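Topology and contacts: notes
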Amino acid sequence: MDIYSQNIYEVVENNIRKHVLIIYNISENHYVGLAVYTTKSDNLTYIDSINRFVDINDLQEYTKRNIKRISLC
């Protein structure tokens, strides 16, 4: 699977902003993604094409209303 920085979005959940790599569009309003991190930590996987880390064990569903904009990481 090709992963691009254009698939990273800023998401707000419970008043907390985070960056998410959207990997699948379930429907027009629901998406599946992984949280994106800039620093290395245990259990994170490095993705060369976006120069970031993701936790592949933390797959989450997001709604369109939570997604605020494309992230310019």
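Description of the structure in this document. (Residues numbered from 1 in each chain as written. Predicted model: local features only at pLDDT ≥ 70, side-chain atom pairs only at ≥ 80, totals over all residues. Heavy atoms only, no water.)

Once that is clear, we can look at the nonpolar core. Across soluble globular proteins, you tend to see nonpolar side chains buried next to one another. Grouped together as the largest cluster of nonpolar side chains are eight residues: Ile 3, Ile 8, Leu 21, Leu 34, Val 36, Ile 47, Ile 50 and Val 54. Val 20, Ile 22, Tyr 62 and Ile 67 belong to the second-largest nonpolar core, a separate cluster that totals six residues. (Core = buried A, V, L, I, M, F, W, Y, C linked by side-chain atoms within 4.5 Å. Buried < 20%, exposed > 50% of the residue type's maximum accessible area, 1.4 Å probe, protein only.)

Strand order in this open sheet of six strands is 4-5-3-2-1-6, and the pairing throughout is antiparallel. Pairing within the sheet leaves two strands with one partner each, and these edge strands are strand 4 (45–47) and strand 6 (67–70). Geometrically, the sheet is characterised by an average inter-axis angle of 50° between neighbouring strands, direction not taken into account. One ladder, built from seven bridges, connects strand 3 (residues 30–37) with strand 5 (residues 52–63); its direction is antiparallel. Opposite Val 36, over in strand 5, you have Val 54 as the bridge partner. (Pairing = 2+ DSSP bridges. Helix = DSSP H or I, 4+ residues; strand = E, 2+ residues; numbered from the N terminus. Axes fitted to C-alpha atoms, helices over the stretch in contact; angles between N-to-C directions.)

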